[in-house]
Amino acid sequence: MKAKILFTAFFSIMFANIAFSKNDGKLEVMVSFERQDGLGSNQYAVWIEDDAGKLVKTLYVTRFTAEGGYVSRPGCTPQWVEKADAQNMSKEQVDVFSGATPVTGDHTYTWDLTDDKGNKVAPGKYTFIVQGTYFYPDSQVLFKGSVDVSTSEDVIVVTTPEYSTDEVQNKGMIRGVIAKYNLET
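Residues numbered from 1 in each chain as written. Predicted model: local features only at pLDDT ≥ 70, side-chain atom pairs only at ≥ 80, totals over all residues. Heavy atoms only, no water.

A. Expanded view of the overall build of the chain. Regarding its fold elements, the chain presents four helices and 10 strands. Expressed as a percentage of its 185 residues, the buried residues of the chain come to 43%. Accessible surface, the chain: about 10100 Å² in total, of which carbon and sulfur atoms supply 55%. (Helix = DSSP H or I, 4+ residues; strand = E, 2+ residues; numbered from the N terminus. Buried < 20%, exposed > 50% of the residue type's maximum accessible area, 1.4 Å probe, protein only. Areas by Shrake-Rupley, 256 points an atom, 1.4 Å probe, with all protein chains shown as cover.)

B. Inspection of the nonpolar core at higher detail. With 29 residues, the main nonpolar core has Val29, Val31, Tyr44, Trp111 and Ile174 as its most contacted residues. Counting residues per element, the ones that place at least two in this core are strand 1 (26-33), strand 2 (43-50), strand 3 (55-62), strand 5 (105-111), strand 6 (125-135), strand 7 (139-148) and strand 10 (174-182). Among the elements that take part in this core, strand 6 stands out by supplying five residues, more than any other. When near neighbours in sequence (up to four residues on either side) are disregarded, Ile174 contacts Val31, Ser32, Phe33, Tyr44, Val130, Gly132, Val141 and Phe143. By size, the runner-up hydrophobic cluster in this structure holds 14 residues, among which are Val61, Trp80, Ala86 and Phe97. (Core = buried A, V, L, I, M, F, W, Y, C linked by side-chain atoms within 4.5 Å. Contact = heavy atoms within 4.5 Å.)

C. Geometry of the sheet that holds strand 1. With respect to topology, four strands assemble into an open sheet ordered 5-1-10-8, the strand pairing being antiparallel. Bordering the open sheet on either side are strand 5 and strand 8 (155-158), each of which pairs with just one other strand. Pairwise comparison of adjacent strand axes, ignoring direction, gives a mean angle of 20° for this sheet. Relative to strand 10, strand 1 runs antiparallel, the two being bridged by eight bridges. (Pairing = 2+ DSSP bridges. Axes fitted to C-alpha atoms, helices over the stretch in contact; angles between N-to-C directions.)

D. The arrangement of the sheet that holds strand 7 in detail. Taking strand neighbours across the sheet as the criterion, the six strands line up as 4-3-2-6-7-9 in an open arrangement whose pairing is mixed. Two strands lie at the open edges of the sheet, namely strand 4 (98-99) and strand 9 (162-163), each paired on one side alone. Where strand 2 lies against strand 6, eight bridges are found, and the strand directions are antiparallel. Looking at the pairing, Asp50 lines up with Tyr126 of strand 6.

E. Molecular detail of a nonpolar patch on the surface. Nonpolar side chains collect at one region of the surface, where Ile156, Val158 and Ile178 lie side by side and expose about 300 Å² of accessible area between them. Counting through the fold element by element, Ile156 comes out in strand 8. Relative accessible area serves as the criterion here: at 59%, Ile156 is assigned to the exposed category. (Patch = residues over 30% accessible without salt bridge, like charges linked within 9 Å, V, L, I, M, F, W, Y side chains within 5 Å. Salt bridge = Lys/Arg side-chain N within 4 Å of Asp/Glu carboxyl O.)

F. The layout of surface pockets, seen in detail. Its boundaries defined by the atoms lining it, the largest pocket holds a volume of some 330 Å³. Around the largest pocket, the lining residues are Lys54, Leu55, Lys57, Thr58, Leu59, Lys83, Ala84, Met89, Gln93, Val96, Phe97 and Asp116. Those elements that place two or more of their residues in the lining of the largest pocket are strand 3, helix 3 (78-84) and helix 4 (91-97). Counted by class, the lining of the largest pocket contains six nonpolar, two polar and four charged residues. (1 Å grid on protein atoms, 1.4 Å probe; cavity = no way out; pocket = protein on both sides within 12 Å on 5 of 7 lines; lining within 4 Å. Points joined across faces, edges and corners; volume = space filled by probe spheres on them. Nonpolar A, V, L, I, M, F, W, Y, C, P; charged D, E, K, R; others polar.)

Nothing here speaks to function; it is geometry throughout.
Here it is in structure tokens:
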């Protein structure tokens, strides 16, 4: 009887791990970036939000913006600044995800399905967001896409840009964003 109970408990735990841990993958957000000339350009942020719109984790922000550039240039990725509560972040927190403005090319930012404290996120739907400031003061571009991390299939998401203005100068700063959700095996 004791062996049967132990076997049942062991099987139940194993089944629960299989059924509810499908979010063992990773999300790669690929940004095609071209450096621009001009005041306030070349600033961008990449982050993840949950289905309720709460910031889960920042994957990358240009160092100028992350270290307070949004104070002197409020147009630098304003949605990320607000969502991340950037003004209350410590230097140590900012150092985790900020970096120099990248060189022209394709850049990949990987989300390991953890939150900003390193905890595994719950299965469900999440949104990846890339916001860029391509011309100061208020020319923004926004790319968004969603992925369900409880799916049992690899997924590719192609995004469409949303521009805040008709300003054309530096509009090609972020040429495209594609995300790929891969299951870990």
